[in-house]
Structure formats: C-alpha cells, structure tokens
Amino acid sequence: MTSLERTLAVIRCAVPDRVPTDLHNFLMAARMAGIPLPECMRSGKLMAESHLAAWHRFRHDVVLVENGTAGMAEAMGCEVLYPSDVAPRVVGPVVRTWADVAKLRVPDPERVFPLNEVLEAVRILRREIGDRVFIMGRADQAPLALAAALRGYEDFLTDLAAPEDPAALERLLDVCLQTTTRYALALQKAGAHGTSLGEFGSDLISPTMYRRYSAPRLKKFYAAMNAAGFPATLHQCGNTAAVLPDMVSSGAAVLELDVHTSPRAVKEATRGKAAVLGMVDPAAVLHRGTPALAEEMSRRALEVLAPGGGFILGPGCALVPETPEENVEAMLACAARHGRYARDGSLT
Ligand SMILES: [Zn+2]
C-alpha cells in the first residue's frame, strides 16, 4: 500500500497493511530546512519546501499543512504577530464591540493572505508527492476557537458564560462556520486529500457550552465535508473525555487527540465510527524525551488504539521547532516495526 492508500483505508474504517503515521511538524519542518519561521509561515513556496524536505527525511504517511492557528483570524482582519521561535499568534482582535460582527466578511481564500499561501503550499505538495502521500490541508479553527481569536480570548469566554448580545454571538459563530467551510472546500480544490478543524476542548469550556454553541455547527461542517467526499478531522487539545461522544457524533472522520484523554476511553468511543490520530505526547515525549521513551510510548499507543484499524500514529498536537529528529524517527520506526496488521485486524 502507498501512504495515501493506507490512510484512506483507515478513514474508510478498513484495516490497512500497517498503522499509518503523521507528523504535526510545520514548525519543526521550517527549522530543519533552515528557514526562519516568520518567512516560512508567510510563504506557500517555503511551507511546501520545508514539508517536502521533512517528508524525504521521515517518509510519514500524512502531511499536515497549515501556518498555525492564526491564519483565518488574520484573513478576517486580526493583527497577527509572527515570532521567530513559536507559531504565529493573534495580538489584535477585530470584534471589539458586538456591532463589529456585522462588519465581518467571509474571506475569499484564493485572494486573501495567508490562506492563499497555504493553498499554494497544498498545490505544490499535491503536485510533488500527492500521488502517494495523504496531504491534509488544515482549515484552521472551528467556530468557538475562531470566534475567540476574533473577539479576544478572555472577552470571549466571558461572553459565552453570560452573553451580552446573544443574537450577535450566534451570528459571529455562524460567520466562523461559513469561513472555515469555504476555506476547507478551497483546500480540497487545491488538491488536499482531507482537512481538519481545531476546536476548544472541554477543559477550556464547559460541556454544556460545547453542546450549545459548537456541536451543532461542527455537525454542519462535517456534513458539508462528507457531502463533498472530503474527509475531515476534529482536533481538540486537552482532556476531551466529557465531550468525547459529541466529538464522535459530529461526523468527523478522524479525532485528533493528545495524551490528556484516556486512550482506552477513546478506543471504546470511536470503534467503527471514527478513526483516531495521535496520541503521543509532543512535549514530554517527543521534545524532551529520548528515542527509547518515544519508542515505548508509541508502542503503548499502538497496543491500545491500533487493533482492528482506525488509528494513525503521531504526535497529539504540534511539535515544537526544536524537537529532536531521532525521537520522531523512533516513533515512526515503531509503527513500521510493531504496527503491521494480520488479516483479522490484530497486530502481528
Ligand atoms: Zn492540540
């Protein structure tokens, strides 16, 4: 099987030849290629160049393309800082009063920076390796996370707890849903094989808020992606246990999770319904750990999550730029060595 076939098999809930791997490595790839982060995050050509170099080095099955979590916010008018050592971040929200919601426009991803650059990176990667490798063009933030970036995180969390203008809050979230849906479909047109959204987890907002504001919109997003034949993942950081059933019923093809949720609970909740991507710790294991630890934690993840299929092994969140290459190699080697399937779906 090629990387693409292997990953598509997992998304279809079929058992592949072995567990596919991904790297959430847009920052690490830039550093490995010797490209300053602020330049790489602003250029589709450089993003693609860094990912190609990293892919030739690691040969992972799924390439995650993005310029961080602030791209859509910037496209919608927020001021964004491009630091030299971490991912870009929003420093100037754009929805200062509720009246500002009416001024928001759904950006045209083909024309508006930096979405146009991410689309360019996807086009190049699809042309260069997309016949063999699963290219995931990431559609940025889900409605709550994007609305928080547009409004300012603290103000937004206060808004959710006690909305001053409930109708404007709903409109803001609807605009966020429209922008990411449009962007995702543009990524598909650019050649991506799949996409993703990142949403707030249940350790940041209450399950009640998640169900009220996010879950209905996530369902609409994933219904649109499924109708377009475009598999989409749902990325949530932190402990997601309280909303795991909601994540599964969103219709997302894959749940991207870090180490803060129990892998056994995740396997039980997703079996036959959605695939799982992760759940190796990008910080304590892949950044600060050793190859032996990376191997051990990858093996543990395989033992719980891989049987019967439905699993992509990788870091549960973004790798920092300085992640040691040998730790990443140890994780990938573990999938090659211990992630092979027998006909009955058990690991050999
Ligand atoms: Zn994350």
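The preceding data block contains the structure.
Bear in mind the structure is a predicted one, so any value in this text is a computation, not a measurement. (Residues numbered from 1 in each chain as written. Predicted model: local features only at pLDDT ≥ 70, side-chain atom pairs only at ≥ 80, totals over all residues. Heavy atoms only, no water.)

## So, the coordination of the zinc ion
In step 1: At this site the zinc ion is bound by His235 (NE2), Cys237 (SG) and Cys317 (SG), with donor distances of 2.0 to 2.1 Å.
In step 2: Coordination of the zinc ion draws on donor residues from a single chain, spaced H-x1-C-x79-C in sequence. Taken together, the residues His235 in strand β7 (residues 232-236) and Cys317 in the loop between β10 (311-315) and α15 (325-338) connect sequence positions 82 residues apart. (Donors = N, O, S within 2.8 Å, 3.2 Å for Na, K, Ca; no water. Helix = DSSP H or I, 4+ residues; strand = E, 2+ residues; numbered from the N terminus.)

## Describing the packing of aromatic side chains
In step 1: Summed over all chains, the structure comprises two aromatic pairs.
In step 2: Seen in terms of ring centroids, Tyr153 and Phe200 are 6.4 Å apart; in terms of plane orientation they differ by 45 degrees. Their pairing is tilted. Pair noted here: Tyr153 is in helix α8 (residues 153-161) and Phe200 is in the loop between β6 (195-199) and α10 (207-227), with a separation of 47 residues, a long-range link.
In step 3: Between Phe221 and Tyr222, the aromatic rings sit 5.0 Å apart at their centres with planes inclined by 90 degrees, giving edge-to-face as the arrangement. Just as Phe221 is buried, Tyr222 falls in that class too.
In step 4: Across from the ring centre of Tyr82, 4.1 Å away, lies the NZ or CZ of Arg42, which sits over that ring.
In step 5: Sitting over the face of the ring of Trp98, Arg151 holds its NZ or CZ atom 4.6 Å from the ring centroid. (Phe/Tyr/Trp six-rings, centres within 6.5 Å; stacked < 30°, edge-to-face > 60°. Buried < 20%, exposed > 50% of the residue type's maximum accessible area, 1.4 Å probe, protein only. Lys NZ or Arg CZ within 6 Å of the ring centre and 35° of its normal.)

## So, the sheet that holds β10
Two pairing modes exist for strands in a sheet, parallel and antiparallel, and in both the strands are linked by backbone hydrogen bonds.
In step 1: Strands sit in the order β6-β7-β8-β9-β10 across an open sheet of five strands; the sheet is parallel. Unpaired on one side and paired on the other, β6 and β10 mark the two borders of the sheet. The average angle at which neighbouring strand axes cross in this sheet is 25 degrees, direction not considered.
In step 2: Pairing between strand β9 (residues 275-280) and β10: five bridges, direction parallel. Within β10, the position partnered with Val276 by the bridge is Phe311. (Pairing = 2+ DSSP bridges. Axes fitted to C-alpha atoms, helices over the stretch in contact; angles between N-to-C directions.)

## As for the packing of helix α14 (residues 291-305) against α15
In step 1: Two numbers describe how α14 lies on α15: the axes approach to 8 Å, and their chain directions differ by 40 degrees. Relative to α15, the crossing made by α14 is right-handed. Residue-level contacts link Pro291, Ala294, Glu295, Ser298, Arg299 and Leu302 of α14 to Glu326, Asn327, Ala330, Met331, Cys334, Ala335, Arg337 and His338 of α15.
In step 2: Taken together, the residues that form the contact of α14 with α15 break down as seven nonpolar, three polar and four charged. (Left-handed = near helix turned anticlockwise from the far one by under 90°. Contact = heavy atoms within 4.5 Å. Nonpolar A, V, L, I, M, F, W, Y, C, P; charged D, E, K, R; others polar.)

## Structural notes on the sheet that holds strand β5 (residues 134-137)
In step 1: Taking strand neighbours across the sheet as the criterion, the three strands line up as β1-β2-β5 in an open arrangement whose pairing is parallel. The open sheet is flanked by β1 (22-23) and β5, the only strands paired with a single partner.
In step 2: Inspection of the sheet shows β1 paired to strand β2 (residues 62-65) by two bridges, in the parallel sense. Looking at β2, one finds that Leu23 is bridged to Val63.

## Concerning the pattern of salt bridges
Close approach of charged atoms allows side chains of opposite charge to pair.
In step 1: Under the definition given, this model contains 22 salt bridges.
In step 2: A salt bridge links Arg217 to Asp174; its shortest N-O distance comes to 2.9 Å. In this pair, Arg217 sits in helix α10 while Asp174 sits in helix α9 (residues 166-190), placing the two residues 43 residues apart along the sequence.
In step 3: By relative accessible area, which is 29% here, Asp174 ends up partly exposed. (Salt bridge = Lys/Arg side-chain N within 4 Å of Asp/Glu carboxyl O.)

## Structural notes on the packing of α8 against α9
In step 1: Look at α8 against α9: their axes get within 11 Å of each other, and the N-to-C directions meet at 125 degrees. Judged on the interaxial angle alone, α9 and α8 are oblique. The element α8 and its partner α9 pack so that their crossing is left-handed. Only Leu169, Leu172 and Leu173 of α9 make contact with α8, whose side of the interface consists of Phe156, Asp159 and Leu160.
In step 2: A per-class count over the contact of α8 with α9 returns five nonpolar, no polar and one charged. (Parallel < 35°, antiparallel > 145°, perpendicular 65-115°, else oblique.)

## Overview of α15
Residues lying three or four places apart along an α-helix face the same way, a consequence of the helix completing one turn every 3.6 residues.
In step 1: Helix length check: α15, at 14 residues, gives a terminal C-alpha distance of 20 Å against a target of 20 Å (1.5 Å per residue), a fit within 8%.
In step 2: Within the sequence span of α15, burial applies to Asn327, Val328, Ala330, Met331, Leu332, Cys334, Ala335 and His338. (Expected span 1.5 Å × (residues − 1).)

## Side note on the layout of surface pockets
In step 1: Here the largest pocket is characterised by a volume of approximately 530 Å³.
In step 2: Every residue lining the largest pocket is counted, 27 residues in all, and those nearest its centre are Thr69, Gln141, His235, Cys237 and Cys317.
In step 3: Of all the elements in the fold, those that place two or more residues in the lining of the largest pocket are α2 (26-32) and β6.
In step 4: Split into classes, the residues belonging to the lining of the largest pocket amount to 13 nonpolar, nine polar and five charged.
In step 5: Of the voids in this model, the second largest pocket is the one considered here, and its volume is about 170 Å³.
In step 6: Along its surface, the second largest pocket is lined by Val259, Pro263, Met279, Val280, Asp281, Val285, Met297, Arg300, Ala301, Val304 and Leu305.
In step 7: Of all elements in the fold, only β9 and α14 reach the threshold of two or more residues within the lining of the second largest pocket. (1 Å grid on protein atoms, 1.4 Å probe; cavity = no way out; pocket = protein on both sides within 12 Å on 5 of 7 lines; lining within 4 Å. Points joined across faces, edges and corners; volume = space filled by probe spheres on them.)

Remember that the coordinates give geometry; whether it matters functionally is a separate question.
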